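What follows is the residue order along each chain.
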Amino acid sequence: MKYTQLGRTGLKVSRLVLGTMNFGPQTNEADSHAIMDAALDAGINFFDTANVYGWGENKGRTEEIVGNWFAKSPDHRDKTVLATKVYGNMAADGESWPNHDKLSAVNIRRAVDASLKRLQTDYIDVYQFHHIDRATPFEEIWQAIDTLIQQGKILYVGSSNFPGYKIAQANEIAARRGGTIGLVSEQCLYNLAERRAEMEVIPAAQEYGLGVIPWSPLQGGLLGGVIKKEVTGGRRASGRAADTLANPASRAQIQAYEDLLDKHGIEPGEAALAWLLTRPGVTGPIVGPRTAEQLDSALRAVELDLTEEILTSLDEIFPGPGPSPEAFAW
C-alpha cells in the first residue's frame, strides 16, 4: 500500500479509503468484519463511515458494526485512522425534533457522543461535516469543535459536499478565531464521469491545504464495466448508472471508455480508481466494497500505472470542465 499526508497535516493515510456505507444494508456484520480485516492486512489504514449509515430505522448500524470490529482487538483501533460524519437527522422514524440534526453546537456535541458510543472508541481521528448548514455560523461550529478537540474526542475536522466558497469561508473564520487549524479534508463527488469539482472545490481545497477524498469513484457502478456486465449476464446497472445509460449519447461515451480499456487489457473499475490517484490534490478515493473480491480489485488499482496515451484518451472521452473562471468566462 502507498501512503500520503492528509492535506497539510502530519497524518499519514493510505491512498485508498475503505468506505463502510454498505456495511449493514448490503453486507452482514461477519462479512463486513472480514472485509475490514482484509483491508487492514493490505495496508489500508483510513476507514470512513457516517452516523447515518445503516439508513432508515437502522441509522447508526454501520458505526456499530465498525465498533464491534474495534472491540475484537486493540490493534484494530490503534492502526486505523477513523473518519465519521455529522449532519443528518438520526431519528429512526424520520421525524426531526429541533436541534437533532445539522451543525448547531448542541447537535455536534450530542452526535459526537453518540458516535463514540456506537464506535466503541474514545476519539475520532477525522470528524467530518456531511453537508453545509446554512443556518449555523462557522463561529458557533468552530467553538463547538474547539471544545471537542480540547476534550480529546476529535483530532481533525473535514468537510463533505462543500462548495469551494464554503471551504474558504470555513477556514478563513477558523484562522481569524485561532486555536484550530480548520478543515483538513474535503470529501466530494469526483470521478471520470463527474468532474465539476475541478472548477472550484478542488482548487479551493488545494489553496487551503485540504486533502481531497473522492466519493463514488465509479459513479454508482457506471465506470466499473457496466455494459460488459450487461452483455455477459452480470449485475445490471441501477440508480445513477441506469439513468445515464438510458441516454444514447452517454451510453456511447461509456462504450468508448470500456472499449479503450479492453484494448489495453485493463479492468474499467481499476482504471477509474487509478485515474483518480493521478489527479492533483487527491488523497485517495473511497472504495465501498460489498465483497472481498471487490476489495481485491480496488487494491490492484493502487499499483496500476496509466500511460500518458491512456490518460490522454480518457480526457478525450470524459473532458473536464476546465479551470475556473475560464470555464465560464473569457
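Now for a quick tour of the structure. Given the structure is predicted, the values throughout are model-derived calculations rather than measurements.

Next up on the list: the pairing of strand 9 (residues 211–215). With four of its five residues buried, strand 9 lies for the most part within the structure. Looking at chain direction, strand 8 (residues 183–189) and strand 9 are connected through five bridges and run parallel. Residue pairing across strands places Cys-188 opposite Pro-214, the latter belonging to strand 9. Once you follow strand 8 into helix 7 (residues 201–207) and on to strand 9, the crossover reads as right-handed.

All chains considered together, the criterion is met by 13 salt bridges. Ionic pairing is found between Asp-125 and Arg-77, a salt bridge with its closest N-O pair at 2.9 Å. Separated by 48 residues along the polypeptide, Asp-125 in strand 6 (residues 124–129) and Arg-77 in helix 3 (residues 74–79) bring together distant segments of the chain. There is no split in this pair, since Asp-125 and Arg-77 are both buried. A salt bridge links Lys-153 to Asp-113; its shortest N-O distance comes to 2.8 Å. Of the two residues, Lys-153 sits in the loop between helix 5 (138–150) and strand 7 (154–160) while Asp-113 sits in helix 4 (residues 105–119), which places them 40 residues apart along the sequence. Residue Asp-113 is classed as partly exposed on the basis of its relative accessible area of 33%. A single salt-bridge network, built from bridges that share partners, covers Arg-195, Glu-198, Arg-279 and Asp-315.

Moving on to the packing of aromatic side chains. The full count for this structure, using the stated rule, is eight aromatic pairs. Aromatic side chains Tyr-257 and Phe-318 sit 5.5 Å apart centroid to centroid with 70° between the ring planes, which places their arrangement in the edge-to-face category. With Tyr-257 in helix 10 (residues 248–263) and Phe-318 in the segment after helix 13 (308–317), this pair connects stretches of sequence that are 61 residues apart. One aromatic cluster in this structure is built from Phe-129, Phe-138, Trp-142 and Phe-162.

Once that is clear, we can look at the sheet that holds strand 3 (residues 17–19). Two orientations exist for strands paired in a sheet by backbone hydrogen bonds: parallel and antiparallel. Within the open sheet, the eight strands sit side by side as 9-8-7-6-5-4-3-10. Their pairing is parallel. Because the sheet does not close on itself, it has two edges, and the strands there are strand 9 and strand 10 (286–287). Relative to strand 10, strand 3 runs parallel, the two being bridged by two bridges. Following the sheet pairing, Leu-18 is matched in strand 10 by Val-287. Most of the contacts of helix 5 go to strand 7, to which it runs at about 145°, and overall it touches strand 6, strand 7 and strand 8.

We now examine the pairing of strand 5 (residues 81–86). With respect to burial, strand 5 is a largely interior element, six of its six residues being buried. The alternating pattern of strand 5 places Val-81, Ala-83 and Lys-85 on one face and Leu-82, Thr-84 and Val-86 on the opposite face, and all of these are buried.

Below, the discussion takes up the packing of helix 10 against helix 13. Relative to each other, helix 10 and helix 13 sit at 170°, their axes nearing to 10 Å. Of the possible angle classes, the one that applies to helix 10 and helix 13 is roughly antiparallel. In this structure, helix 10 uses Gln-253, Ala-256, Tyr-257, Leu-260, Leu-261 and Lys-263 to contact helix 13, whose residues at the interface are Glu-309, Ile-310, Ser-313, Leu-314 and Ile-317. Classifying every residue of the contact of helix 10 with helix 13 by side-chain character gives seven nonpolar, two polar and two charged.

About the cut-offs
- Residues numbered from 1 in each chain as written.
- Predicted model: local features only at pLDDT ≥ 70, side-chain atom pairs only at ≥ 80, totals over all residues.
- Heavy atoms only, no water.
- Buried < 20%, exposed > 50% of the residue type's maximum accessible area, 1.4 Å probe, protein only.
- Helix = DSSP H or I, 4+ residues; strand = E, 2+ residues; numbered from the N terminus.
- Pairing = 2+ DSSP bridges.
- Right-handed = clockwise from strand over helix to strand, strands pointing away.
- Salt bridge = Lys/Arg side-chain N within 4 Å of Asp/Glu carboxyl O.
- Phe/Tyr/Trp six-rings, centres within 6.5 Å; stacked < 30°, edge-to-face > 60°.
- Contact = heavy atoms within 4.5 Å.
- Axes fitted to C-alpha atoms, helices over the stretch in contact; angles between N-to-C directions.
- Parallel < 35°, antiparallel > 145°, perpendicular 65-115°, else oblique.
- Nonpolar A, V, L, I, M, F, W, Y, C, P; charged D, E, K, R; others polar.

That is the geometry; function is a separate question.
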